[in-house]
Number of protein chains: 2
Amino acid sequence: MTNNPADSTSESLPDSPGATGQPADRRSTLHDVAARVGVSPRTVSRVVNNEEGFSEATRERVLEAIEELEYRPNLVARGLVTQQTRTLGLVVTDLSDPFFAELANGAQRAAITNRYNVFLCATDNEADQQANVLDSLRSHGIDGTIVFPATDTDDGLRRVAADVPIVCVDHEVDHPRITTVSSDLVAGARMAVEHLVDRGHTKLGMVASKFSPSDRRRREVGFLAAHRKLFPGTPEPMIVRTEPTLEGGRSATAELLDRDPSITGIFAYNDITAIGAILAATDRGLTVPGDLAVVGFDDVPLAAVFGPPLTTIRIDRERLGQVAIEMVLAMMGGSRTGRPSPQILPVELVVRAST
Amino acid sequence: MTNNPADSTSESLPDSPGATGQPADRRSTLHDVAARVGVSPRTVSRVVNNEEGFSEATRERVLEAIEELEYRPNLVARGLVTQQTRTLGLVVTDLSDPFFAELANGAQRAAITNRYNVFLCATDNEADQQANVLDSLRSHGIDGTIVFPATDTDDGLRRVAADVPIVCVDHEVDHPRITTVSSDLVAGARMAVEHLVDRGHTKLGMVASKFSPSDRRRREVGFLAAHRKLFPGTPEPMIVRTEPTLEGGRSATAELLDRDPSITGIFAYNDITAIGAILAATDRGLTVPGDLAVVGFDDVPLAAVFGPPLTTIRIDRERLGQVAIEMVLAMMGGSRTGRPSPQILPVELVVRAST
DNA sequence: ACACATCGCGTCAACGTTGACGTAATCTAG
DNA sequence: CTAGATTACGTCAACGTTGACGCGATGTGT
């Protein structure tokens, strides 16, 4: 009965489990359950973990005691011995950006369905802060992590990857335990061009971001490639790089129209710059989509309610988060099949009133 | 030197710390550092935790070894013995809602500055899901948690509060270890009314949410109270309850104007319904703010870029999250001063072009 | 010179759980 | 009927850390 030597010293407590069967003040442990049933903690552990090596009869009695004592496994203790905490990290630059908020939303839900919990951290796109949070997450013993990397932190990520598998969002790092999930921005750009051409536009321009490093300029690549395919032999369309803001989009579009007034179709870096483009059109008395058609990117909530509602390329950010979780779980699977190959998720053309 | 008996069995590993001084494959522990310096793990622990009971000389040698071995405390092990994990929960209904995203942003940053990490969970406003995530968080040994409660879950929260202090957002629960942080919605409504009256409007109407339970209708309370104070003895202004969506705001405003065409000022439940109100105005050829002035609530990002930009009552959601964290840390402080009293954060009138 | 405090450590157990291994009782095969 | 397998457990140590306590060496007051 009294397998637990500590019990003998503390049986004077009120509500000691053996006496009343009520949950005690402190959370109950394997020992409490074991004492109540009259087996060893190890047997209770076996039942809890669905191992084998116990009779149906004891299984039922253990389950009953677990219910009565409201026993829940202590994941901290379990983590110490198994070296697995069933926690994941999710490191983004800024949660107030809806892109990351929805990414986090999808990731967190996918994690929960796999019985994992996620630590969420913001870096403000600063290398120091990213190093800090990753360090902190490692101290907490996370089993894996999703990272939208701050710029120029590949080496830091490689160091972390020695302990913890990493899935990067929209960024590739060459390391056996780092893989990538991203959106098919090239295809998105192609869809935008094809749609504009479908609508009868032949003179196109693009508003791009001047902050994108060259390896993240895949929208531009897709834009030019699609144009080349549809209008072989004609001069390349114009691209103006600007800040990816409302005003940036506005001024860049004004510049495009100044330099070539025959442009009737704009492909914008994202929805905010697209709205800037629309404002630039109305600034000079052009109607949208009559005189100028505009396609955005992302499909932020704002896009659907703007006047006119914006045609855009939709990125399924929740799915991005979900897939990222699935990939990191796969890497943790430990099957020495090497890292899962980078995944590129499809995007979708959403036609609204701006084209 | 070889205080750690496990070493003897594994000294054939490459890079064993005693031999090379390089970090090993596995993360180094107190034992590794201790062995390297030639002291006991307990002494290293003392240095790490800034306790006392060691000489300056050993302190330096320990710190040096920590650096060389890249030692980081294992918070899982520490948590097991101290019963404190330095983790907090943050339970909201839906992260893709910018309100919660920014709340989470503020909370997470406040947590990090206090050297805590936060588990983020979504409940979809479902009681079951909330119970699940809270259970899971308890198993992980969180030290405290912020909850935006799903409807009708007070009892569930009280049960959790037995183990873990809770700060609720915008909701009160009567329990010694549950307290509340909220925004001053009543004052916000008052500010909206006063602003409209300042602008010369005397006939007001309000678009409210039909989903708000009676204890969350503080905007309506403030609206009526302010009106009563400014126009004593006159009939109460009209309130129409609708779905808090764009279309809801549009139709509710149409109804208000149908029933009383002399209305010139609208106070809307949130920014989205306010935009609906503006659309309703333009539907019938009214100009904003010329014929109809509209005040929203929340100050979502969209509010600033809509045409016309929206006058609104700003809720500082990041600060809400930050204060929530500070309150839960205070409750954990364990000082038996009872729970901190509920906090109500101020809101702010942001005047733009819609009034 | 002696009692006593302080310093600078070390030792041991415990936190709650699981991995490795042991073992008595029962079953199975020949 | 007996050797060997199987079942249903129990025992013990370990995960990495800290709390409680011990202890010898050195300082301090009288």
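Residues numbered from 1 in each chain as written. Chains lettered and ligands numbered in written order. Predicted model: local features only at pLDDT ≥ 70, side-chain atom pairs only at ≥ 80, totals over all residues. Heavy atoms only, no water.

Trainee: Which residues make up the overall build of chain A, and what values go with them?
Mentor: Each helix and strand counted, chain A has 15 helices and 12 strands in total. Here the C-alpha radius of gyration of chain A, 28 Å, is well above what a compact globule of 355 residues would show, namely 20 Å. Seen through its principal axes, chain A has C-alpha atoms that stretch 90 × 40 × 35 Å. The buried share among the 355 residues of chain A stands at 50%. (Helix = DSSP H or I, 4+ residues; strand = E, 2+ residues; numbered from the N terminus. Rg over C-alpha atoms; globule rule 2.2 N^0.38 Å. Buried < 20%, exposed > 50% of the residue type's maximum accessible area, 1.4 Å probe, protein only.)

Trainee: So, the relation of the copies chain A and chain B: which residues are in play, and what are the values?
Mentor: Least-squares fitting of chain A to chain B yields an RMSD of 0.1 Å, with the transformation described by 0.0 Å of translation along the axis and a rotation of 180 degrees. Look at the turn and shift together and you get a two-fold axis relating the two. Of every C-alpha in chain A, the one belonging to F119 of chain A sits nearest the axis of rotation, 2.3 Å from it. Mapped onto chain B, 100% of the interface residues of chain A again fall at the interface, so both copies present the same surface. (Least-squares fit on C-alpha atoms with pLDDT ≥ 70 in both. Contact = heavy atoms within 4.5 Å.)

Trainee: Break down unusual backbone geometry for me, with residues and values.
Mentor: In this chain, V288 of chain A is followed by P289 of chain A through a cis amide linkage whose omega measures 5 degrees. With respect to the element layout, P289 of chain A can be found in the loop between α13 (271-283) and β9 (293-298). For R86 of chain B, which is not a glycine, the phi torsion comes out positive at approximately 55 degrees. Inspection of the secondary structure assignment puts R86 of chain B in the loop between α6 (75-82) and β1 (87-92). With relative accessibility at 34%, the residue R86 of chain B sits in the partly exposed group. For R115 of chain B, which is not glycine, the phi dihedral falls at a positive 60 degrees.

Trainee: Before we move on, could you go through the protein's contact with DNA strand D and cite the residues and values that matter?
Mentor: The local shell around DNA strand D holds 25 residues, among which T43 and S55 of chain A together with L30, S45 and Y71 of chain B are the closest. Here DNA strand D approaches the protein such that, of its atoms within 4 Å, sugar and phosphate make up 62%. Take S40 of chain A: an N or O atom from its main chain is 2.7 Å from a phosphate oxygen of DNA strand D. Between S45 of chain B and DNA strand D, the recorded distance is 2.4 Å, taken from a side-chain N or O atom to a phosphate oxygen. Elements with a contribution of two residues or more to the surface near DNA strand D: α4 (41-48) and α6 (75-82) of chain A together with α3 (30-37), α4 (41-48) and α6 of chain B. Looking at which element gives the most residues to the surface near DNA strand D, the answer is α6 of chain B, with four residues. (Near = heavy atom within 4 Å. Polar contact = N/O pair within 3.5 Å; in protein donor to acceptor, adjacent residues only side chain to side chain.)

Trainee: Which residues make up helix α5 (residues 56-69) of chain B, and what are the values?
Mentor: Residues and elements named next belong to chain B. An ideal rise of 1.5 Å per residue puts 20 Å on 14 residues; α5 measures up with 20 Å between its terminal C-alpha atoms. The set of residues buried in α5 consists of T58, V62, A65, I66 and L69. Taken end-on, α5 shows its buried residues confined to a sector of 105 degrees, consistent with a single buried face. Of the residues one or two after α5, E70 is the one with positive phi, at around 50 degrees. (Expected span 1.5 Å × (residues − 1). Arc of directions from axis to C-beta.)

Trainee: Just give me the short version of the interface of chain A and chain B, but keep the residues and values in it.
Mentor: At the interface, 44 residues of chain A touch 45 residues of chain B. Carbon and sulfur atoms make up 57% of the area that chain A and chain B hide from each other, which totals about 3,800 Å². Inspection of the region where chain A meets chain B yields eight salt bridges. Put simply, D135 of chain A and R72 of chain B hold a salt bridge, and the shortest N to O gap is 2.7 Å. Linking chain A with chain B are 27 residue pairs in polar contact (both at pLDDT 80 or more), by the criterion used here. Elements with a minimum of two residues in the side of chain A that touches chain B: α6, α7 (98-113), β2 (117-122), α8 (127-139) and α14 (301-305) of chain A. Among the residues making up the side of chain A that touches chain B, the classes are represented as 20 nonpolar, 13 polar and 11 charged. (Buried area = accessible area lost by both parts, 1.4 Å probe. Salt bridge = Lys/Arg side-chain N within 4 Å of Asp/Glu carboxyl O. Nonpolar A, V, L, I, M, F, W, Y, C, P; charged D, E, K, R; others polar.)

Trainee: Can you break down the packing of aromatic side chains residue by residue, with the values?
Mentor: Evaluation of the coordinates by the stated rule reveals nine aromatic pairs over all chains. A ring pair is formed by F100 of chain A and F148 of chain A, whose centres lie 4.9 Å apart and whose planes are at 70 degrees; its orientation type is edge-to-face. One end of the pair, F100 of chain A, is in helix α7; the other, F148 of chain A, is in the loop between β3 (144-147) and α9 (154-161), with 48 residues separating them in the sequence. On the accessibility criterion, F100 of chain A (5% relative accessible area) is buried. Over the aromatic face of F297 of chain B sits the side chain of R219 of chain B, whose NZ or CZ is 4.7 Å from the ring centroid. (Phe/Tyr/Trp six-rings, centres within 6.5 Å; stacked < 30°, edge-to-face > 60°. Lys NZ or Arg CZ within 6 Å of the ring centre and 35° of its normal.)

Trainee: For the pattern of salt bridges, give the residues involved together with the corresponding values.
Mentor: Side chains bearing opposite charge may pair, as long as their charged atoms lie close to each other. All names here are of chain B. By the definition in use, this model includes 46 salt bridges over all chains. We note a salt bridge from E236 to R228, for which the minimum N-O separation is 3.2 Å. R228 gets classed as partly exposed once you look at its relative accessible area, which sits at 47%. Put simply, R314 and D299 hold a salt bridge, and the shortest N to O gap is 3.8 Å. Residue R314 is found in strand β10 (residues 311-314), and its partner D299 is found in the loop between β9 (293-298) and α14 (301-305); the two are separated by 15 residues along the sequence. Judged by relative accessible area, R314 falls into the partly exposed class, the value being 28%.

Trainee: Can you break down the nonpolar core residue by residue, with the values?
Mentor: By size, the foremost hydrophobic cluster in this structure holds 95 residues, and its most contacted members are V181 of chain A together with V181 of chain B. One finds V240, L246, A274 and I278 of chain B within the second-largest nonpolar core, a separate group that totals 46 residues. (Core = buried A, V, L, I, M, F, W, Y, C linked by side-chain atoms within 4.5 Å.)

Trainee: I'd like to hear about the pairing of strand β6 (residues 204-209) of chain A, residue by residue, with values.
Mentor: Residue and element names in this part refer to chain A. Taken across its six residues, β6 has six buried, putting it largely inside the fold. A two-sided burial pattern is seen for β6, the buried positions comprising L204, M206 and A208 on one face and G205, V207 and S209 on the other. As defined by bridge partners, β6 adjoins strand β8 (residues 265-268) across four bridges and the pair is classed as parallel. Bridging across to β8, L204 finds its partner in G265. Here five bridges tie β6 to strand β7 (residues 238-242), and the two strands are oriented parallel to one another. By the bridge assignment for β7, M206 is matched with I239. (Pairing = 2+ DSSP bridges.)

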